[in-house]
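Chains, contacts and geometry: an overview
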Amino acid sequence: MNLECLKIERDGHVAIVYLDRPPVNAQNAQMRAEIIDVFDSFNDDADVRCVILTSKAKVFSAGADVSERPAIKQRGPGAYWRHNRLVRESALAISECGKPVIAAVNGPALGAGFGLMAACDIWVASNNAYVSMPEINVGLAGGTALLQRIFGQSRARRMFFTGMKVSADELYRLGLIEASLPPEELMPYALALGQEIAGKAPIALRYAKQAAQVTVAMPPREGYRFEQNITVALSDTEDAREAQQAFLEKRQPVYKGR
């Protein structure tokens with residue numbers, strides 16, 4: 001895969017995806033297409049059990065590349081709709097990835113950058129990071145659905161109406177991220193968490209990600225039944241039997257992914 005805006009590294013069963021479009025990882029069509037391709041590919045890569053999304057720059061992502069906007073409508077009818085579809089699909093490729101995804105936010109995550117962070121399953125950040133939805137400052141309005149899913153009404157709407165910044169320390173105080181760390185501690189923390197997740201049974205992880213995505217939109221009764229059905233399916237796997245036997249024998253399980 002020929003990538004211009006992303007870099008990928010592997011650490012065991014953990015894939016690390018770096019946003020790498022200097023200077024601030026402004027998201028253009030190329031970056032979004034690459035995000036879709038990369039995260040879709042992880043669904044078919046049995047060697048990847050967990051993914052970390054972070055940045056090569058000191059900014060996680062400054063959001064959309066505003067310089068692209070004037071040319072969009074010049075591309076003809078439907079161009080802006082195709083643009084918006086690509087924006088949505090790049091975030092959905094992350095949230096719908098079959099592997100757990102950790103956002104290691106190592107700097108400001110603005111607008112669509114915050115959207116990429118929010119698309120991940122678990123959020124950790126350096127203490128010099130912050131999030132905001134600054135669209136109102138350039139005469140646009142976007143992000144209220146995201147903000148009101150994460151924050152309470154007052155904070156979400158204040159951020160939406162003003163472009164207010166919320167620091168990593170404040171996000172941690174609110175219980176919205178797992179850690180707010182000195183920059184040099186961020187990736188070791190994220191990698192340790194990624195390795196812990198990657199050490200679980202691969203099939204169970206895949207089902208767990210599916211359950212987390214699906215049940216959040218289900219009524220409690222249907223969600224509980226969905227999870228019970230997953231438990232029944234997993235009980236017949238070799239990995240489940242190995243995990244239970246390893247627990248009884250007080251040793252680490254050896255998973256085969258079946």
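Look above for the structure.
Each chain carries its own residue numbering, running from 1 in the written order of its sequence. At least 70 in pLDDT is required for a residue's local features to be given in this predicted model, at least 80 for side-chain atom pairs to be given and counted, and no such filter applies to totals for whole chains, interfaces and linings, which use all residues. No hydrogens and no water enter the side-chain calculation; it runs on all heavy atoms of the structure.

1. Here's the deal with the sheet that holds strand β7 (residues 130–132)
Neighbouring strands of a sheet are bound in pairs by backbone hydrogen bonds; such pairs are parallel or else antiparallel. Rules: When DSSP finds two or more bridges between two strands, those strands count as paired. A run of H or I in DSSP becomes a helix once it reaches four residues, and a run of E becomes a strand once it reaches two; helices and strands are each numbered from the N terminus.
One open sheet accounts for three strands, arranged β5-β7-β8; its pairing is mixed. Every other strand in the sheet has two partners, leaving β5 (109–110) and β8 (166–167) as the edge strands with one partner each. Pairing geometry for β5 and β7, over two bridges, is parallel. By the bridge assignment for β7, Leu110 is matched with Ser132.

2. What to know about the pattern of salt bridges
Note the following rule: Any carboxyl oxygen of Asp or Glu that lies within 4 Å of a side-chain nitrogen of Lys or Arg is treated as forming a salt bridge with it. Using a 1.4 Å probe on the protein chains alone, a residue whose accessible area is under 20% of its type maximum counts as buried, one over 50% counts as exposed, and one in between counts as partly exposed.
Within this structure, the stated rule accounts for 11 salt bridges. Here Asp47 makes a salt bridge to Arg10, at a shortest N to O gap of 3.7 Å. Taken together, the residues Asp47 in the loop between α1 (29–42) and β3 (50–55) and Arg10 in strand β1 (residues 6–11) connect sequence positions 37 residues apart. Measuring nitrogen to oxygen at the nearest pair gives 3.0 Å for the salt bridge that ties Asp65 to Arg21. Residue Asp65 is located in the loop between β3 and α2 (69–72), and its partner Arg21 is located in the loop between β2 (14–19) and α1; the two are separated by 44 residues in the primary sequence. Judged by relative accessible area, which is 23%, Arg21 ranks as partly exposed. Residues joined by salt bridges that share partners form a network here, namely Arg10, Asp45 and Asp47.

3. Observations regarding the pairing of strand β4 (residues 101–105)
Counting buried residues along β4, five of its five residues qualify, which places the element largely inside the surrounding structure. Of the two faces of β4, the one lined by Val101, Ala103 and Val105 and the one lined by Ile102 and Ala104 are each fully buried. Bridging between β4 and strand β6 (residues 122–126) involves four bridges; their strand directions are parallel. From the neighbouring strand, Val105 faces β6, where its bridge partner is Ala125.

4. Examining helix α6 (residues 153–162)
Note the following rule: Relevant arc is that of directions from the helix axis to the C-beta atoms, nothing else. Between two residues, a contact is recorded if the distance between any of their heavy atoms is within 4.5 Å.
Buried within α6 are the following residues: Ala156, Met159 and Phe160. Within α6, the buried residues cover an arc of 100° as seen down the axis, which keeps them to one side. Of the exposed residues in α6, the ones pointing more than 90 degrees away from its buried face are Ser154 and Phe161. Buried residues in α6 make contact with α4 (112–119), β7, α5 (144–150) and β8.

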